[in-house]
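For reference, the chains in residue letters:
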Amino acid sequence: MNRREFVELGLAASASLVTLSPAAIANDEKPKTHTLPPLPYAYDALEPYIDAKTMELHHSKHHQAYVDGLNKAEAELAKARSSGDYATIEYWSKKAAFNGGGHFLHSMFWQIMAPPAKGGSGKIPPRLEKALVENFGTVEAFRKHFSAAAAAVEGSGWALLHCRPTDGRLLILQAENQHKLTPWGVVPIMGIDVWEHAYYLKYQNRRAEYINAWWNVVNWEKVEDNYLRSLGQ
Ligand code: MN
């Protein structure tokens, strides 16, 4: 064991001692709370494709509301558990799924976009490109399918590119709201939000125009990273 390993082991041991103290155990029983992740770029960084005002409202108000809603739902479920009163469990379970879906998807959404100059319109990295071609025939066929799925979401929702780690396949699926229609066993690696709050200020009812513009700000490096991580690579 070298010195660094020894120090790390010591830190791990002291960390586990800390978590075993009565105060820490009590603390662990409290519901964990979620927080709004910072945007990895400025509100105006995706201009002219996505306007600064939309980004500001979308991140600081809409995403924040999902974070708050998820915290509230999880706290209410914990309360029900400790009181044994499960009368409202269906309501809060649905709130947890909806707001949890919103928090998760928006956290991914900010990451898989980038300013156009910084890879937004950049080249697709080779391992992701290979996977897209294997699964959809050509990159262009993938884009057409994904755009069509996004344009055709009924009401509010998302088009998502998933990886299914059990067989390594890529799937394009729609999600209504933040969570409905999603099968088990898939990992979202890329998605476009087609709720009206994502585009209405700039594009009004022209969803297809927003989808077209959005391709200019896709952070392909991050999508490939999500793809490889979903496969444990
Ligand atoms: Mn949204």
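Above this text you will find the structure in question.
Predicted model only: the values in this text are computed from it and were never measured.

1. Re unusual backbone geometry
- A cis amide bond, omega 0°, links Glu47 with the succeeding residue Pro48.
- Its place among the elements puts Pro48 in the loop between helix H2 (22–29) and helix H3 (52–83).
- With a phi close to 85°, Leu181 is a non-glycine residue in the positive phi region.
- On the secondary structure map, Leu181 appears in the loop between strand E2 (169–176) and strand E3 (187–193).
- Judged by its relative accessible area of 53%, Leu181 falls in the exposed class.
- At Gln204, a residue that is not glycine, the phi angle is positive and equals roughly 45°.
- Residue class for Gln204 comes out partly exposed when judged on its relative accessible area of 32%.

2. Side note on the coordination of the manganese ion
- Coordination sphere of the manganese ion, protein contribution only: His58 (NE2), His106 (NE2), Asp193 (OD) and His197 (NE2), at 1.9 to 2.2 Å.
- Counting residues between consecutive donors of the manganese ion along the chain gives the motif H-x47-H-x86-D-x3-H. You can see His106 sitting in helix H4 (residues 89–111) and its partner Asp193 sitting in strand E3, a full 87 residues away along the chain.
- Under the relative-accessibility criterion, His106 is labelled buried at 0%.

3. A closer look at the packing of aromatic side chains
- Enumeration over the complete set of coordinates arrives at 17 aromatic pairs.
- Plain terms: the ring middles of Tyr66 and Phe98 are 5.8 Å apart, the flat faces sit at 75° to each other, and that makes the pair edge-to-face. One end of the pair, Tyr66, is in helix H3; the other, Phe98, is in helix H4, with 32 residues separating them in the sequence.
- We classify Tyr66 as buried; its relative accessible area is 6%.

Cut-offs and rules
- Residues numbered from 1 in each chain as written.
- Predicted model: local features only at pLDDT ≥ 70, side-chain atom pairs only at ≥ 80, totals over all residues.
- Heavy atoms only, no water.
- Helix = DSSP H or I, 4+ residues; strand = E, 2+ residues; numbered from the N terminus.
- Buried < 20%, exposed > 50% of the residue type's maximum accessible area, 1.4 Å probe, protein only.
- Donors = N, O, S within 2.8 Å, 3.2 Å for Na, K, Ca; no water.
- Phe/Tyr/Trp six-rings, centres within 6.5 Å; stacked < 30°, edge-to-face > 60°.

Interpretation in functional terms is not warranted from these geometric data alone.
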